Every structure is written in structure tokens, then in C-alpha cells.
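Take a look at the letters that make up each chain.
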Amino acid sequence: MSTKSVVIFQKTTVYLILGFFALLSILPFWLMLVNTTRTNNEINTGISLVPGTALVENVKTLILGRLNTQTGLRVAGINVPRGFVNSFIISASATLLTAYFCSMTAFAFVAYSFRGKKIFFALILGIMMIPSTVSLIGIYKLVVTIGLLDTWWPLILPAMANPFAVFFLRNYLRTALPFSLLEAARIDGASEPRIFHSMVLPLAMPGIATISIFGFLGSWNSYLLPLTIINSEGLQTLPLLIQQLNTTTFNRDLGALYAGVGISIVPVMVAFALFSRHLVAGLASGSVKE
């Protein structure tokens with residue numbers, strides 16, 4: 001077998017393996033989308049890869065509710081548009097705060113020398129090791145004490161101090177930030193805020209895009225903290241509203257439940273596509289242009 005044939009065989013094998021795992025990762029999403037178009041009887045019969053025809057009816061049930069045949073009462077649906085707006089405001093605000101303030105903190109750890117620098121960074125690493133559920137009771141007491149219970153602020157403001165984002169961006173800037181460029185800007189009389197906004201932020205955009213993907217995804221899918229903080233129905237996020245479907249009144253409407261879950265992942269996929277585009281563009285263009 002010639003060398004060219006060996007290379008072709010190796011590439012074909014790699015592509016087949018990658019394609020197989022890609023199909024495995026896509027399969028759960030496809031099954032969920034298919035179930036949003038099927039009736040309860042069809043879902044109970046087993047797994048199918050072919051879409052059904054009950055999509056419109058499932059969405060109507062999700063939004064408008066249904067008639068409970070056992071009690072004769074109508075079960076109300078969920079306010080999907082309101083949940084979308086609430087979740088988007090919280091997730092977008094938290095993502096912007098994470099991108100801006102955590103990149104500023106990471107820049108300070110990379111570009112400056114100050115007393116206690118190693119101690120502060122070690123403290124950030126230590127905070128990363130603490131599960132968020134451990135601090136839930138303390139967060140609740142703090143929120144009650146400062147009078148922010150049943151508001152969005154406890155879901156948005158903590159994003160300013162995301163330890164993982166600081167850790168990731170600090171390591172990214174250590175390799176992507178040309179210090180000679182910073183020194184040249186300082187010699188030309190540029191202030192530190194201008195250096196950060198005009199030079200560091202554009203250079204850090206691929207890392208910020210990566211962090212923004214995880215940040216938006218985590219904030220959008222967050223359930224436990226909003227469940228603890230939010231009491232008013234008008235302030236509830238989409239995951240909280242969808243959870244209402246998983247009750248005894250809706251447990252027979254599997255199609256509506258799948259429709260709610262399917263609708264909830266659309267903004268996540270859109271955000272992933274947008275941030276991934278900026279990530280690829282930033283990596284392809286390079287950090288310094290002539």
C-alpha cells in the first residue's frame with residue numbers, strides 16, 4: 001500500500017469516527033425536536049426519528065393550556081413570551097457584565113505587578129473549587145438582608161465577579177497580549193483606560209466570546225438560584241415556567257412539555273452561533289495587524 005493510500009485511509013477513518021460521535025451528540029436534540037411534533041400516544045409508543053404532525057397543537061397547549069378531562073377544569077398554559085423576555089434580560093445583562101469586568105480583572109493580573117497578586121489569584125482559584133449550592137443559603141440570607149429578594153439583581157450582579165472567567169481570560173491574555181504594544185501605547189501617552197478599551201478588549205475578543213458562550217448558557221439554564229430568589233410570577237424565567245409543566249396537571253401532555261423544552265433551547269443555539277462566529281473571526285484575523 002502506497003503512502004498516499006495510507007494517508008487517505010487514515011483521514012477516512014478519522015472522519016468516520018468524528019462523524020459517528022457527531023451523530024451521537026446530535027441525536028438527543030433531534031429526538032427532542034421530533035417529540036415536539038408528536039402526540040402523547042405516539043410518544044408513549046416508543047422512539048421515532050420521523051417528525052409528527054402535532055406541533056401546532058402542542059404549542060397551543062403549551063401557551064393556552066388544556067381542559068382537564070378528570071376535573072372538568074381548564075389548566076392554564078405558561079406565558080412563553082414573558083419568560084423569554086425575562087430570561088433574555090437576565091442572561092444578556094449577566095453575560096455583558098462578565099465579559100467587561102472579568103476581562104478588566106484578568107488584564108490587571110497580567111499587565112500589572114502589585115502586592116498580594118499571587119494571594120488574590122490563589123483566592124480566585126479557591127473560590128472556583130466551592131460548589132455554588134454550598135453558598136446558596138448564605139446568598140439567600142444576604143439577598144434578604146439587603147432587600148433584593150424577588151428581584152433580578154441577585155441573578156445579574158454576581159456575574160461581575162465570575163472566578164472561572166477571570167482565570168480563563170487571564171491565561172488567554174498571557175499568550176495573546178503583546179506587551180511591547182502596551183509599552184508603545186504608554187510611550188505615546190495613551191491612558192490605561194484607553195489602552196484597555198482600544199487594545200486589550202479587541203485582542204481578548206476570542207477569549208471573551210468563549211466565556212460569553214458558557215456564561216449565557218449557564219445564566220439561561222439556571223434554575224436553582226432563580227427558584228430561591230424569584231417569587232413573583234411576572235419575574236420568573238423560562239426554566240421556572242417550563243418546570244410548571246412537569247406537574248400532575250400537565251404530566252400527560254408530553255408533547256407540550258417537549259415543545260417547551262425545544263423552544264427554550266432556541267436562544268441558546270442562536271447565542272452559540274453568534275459568539276462562535278466572533279470566536280472564529282478573532283482567531284483567524286490574528287491579534288496584531290500591520
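Residues numbered from 1 in each chain as written. Predicted model: local features only at pLDDT ≥ 70, side-chain atom pairs only at ≥ 80, totals over all residues. Heavy atoms only, no water.

1. A word on the confidence of the model for the chain
Taken residue by residue, the chain gives an average pLDDT of 83. The fraction at 70 or more is 89%. Within the chain, the element-level pLDDT minimum falls on strand S2 (residues 74-75), averaging 60, and the maximum on helix H7 (residues 153-156), averaging 93. Considering only residues more than four positions removed or in separate chains, one finds that residues 283-290, a stretch of pLDDT under 50, has four contacts. (pLDDT = per-residue confidence, 0-100. Helix = DSSP H or I, 4+ residues; strand = E, 2+ residues; numbered from the N terminus. Contact = heavy atoms within 4.5 Å.)

2. Notes on the side chain of Thr95
Tracing the chain through its elements places Thr95 in helix H4 (residues 80-111). In this structure Thr95 comes out as buried when scored by relative accessible area, which is 6%. Setting aside residues up to four positions removed in sequence, Thr95 forms contacts with Ser212, Gly215, Phe216 and Phe275. (Buried < 20%, exposed > 50% of the residue type's maximum accessible area, 1.4 Å probe, protein only.)

3. Details of the packing of aromatic side chains
Counted under the stated rule, the structure contains 11 aromatic pairs. A network of ring pairs unites the aromatic residues Tyr100, Phe101, Phe107, Tyr112 and Phe196 as a single cluster. Residue placement shows Arg170 over the ring face of Phe121; its charged tip is 4.1 Å from the ring centre. (Phe/Tyr/Trp six-rings, centres within 6.5 Å; stacked < 30°, edge-to-face > 60°. Lys NZ or Arg CZ within 6 Å of the ring centre and 35° of its normal.)

4. Focus: a nonpolar patch on the surface
A contiguous nonpolar patch, built from Ile26, Leu27, Trp30, Leu33 and Leu49 and spanning about 460 Å² of accessible area, is present on the exposed surface. By the secondary structure assignment, Leu49 is in the loop between helix H2 (40-45) and helix H3 (55-64). (Patch = residues over 30% accessible without salt bridge, like charges linked within 9 Å, V, L, I, M, F, W, Y side chains within 5 Å. Areas by Shrake-Rupley, 256 points an atom, 1.4 Å probe, with all protein chains shown as cover. Salt bridge = Lys/Arg side-chain N within 4 Å of Asp/Glu carboxyl O.)

5. Brief notes about unusual backbone geometry
Positioned with a positive phi, Asp150 is a non-glycine residue whose angle comes to about 65 degrees. Looking at the element boundaries, Asp150 is found in the loop between helix H6 (136-145) and H7. The exposure class of Asp150 is partly exposed, given its relative accessible area of 22%.

6. Looking at the pattern of salt bridges
Pairs can form between side chains of opposite charge once their charged atoms are near each other. Throughout the structure, instances matching the rule amount to two salt bridges. As a salt-bridge pair, Arg186 and Glu183 come within 3.2 Å of each other at their nearest N and O atoms. Of this pair, Arg186 and Glu183 both sit in helix H9 (residues 179-187), three residues apart, which is roughly one turn of that helix. Accessibility expressed as a relative area gives 43% for Glu183, which makes it partly exposed. Of the charged contacts, one joins Glu192 and Arg186 as a salt bridge, the two residues approaching to 2.9 Å between their closest N and O atoms. Since its relative accessible area comes to 29%, Glu192 is described here as partly exposed. When its relative accessible area of 25% is taken as the criterion, Arg186 is described as partly exposed.

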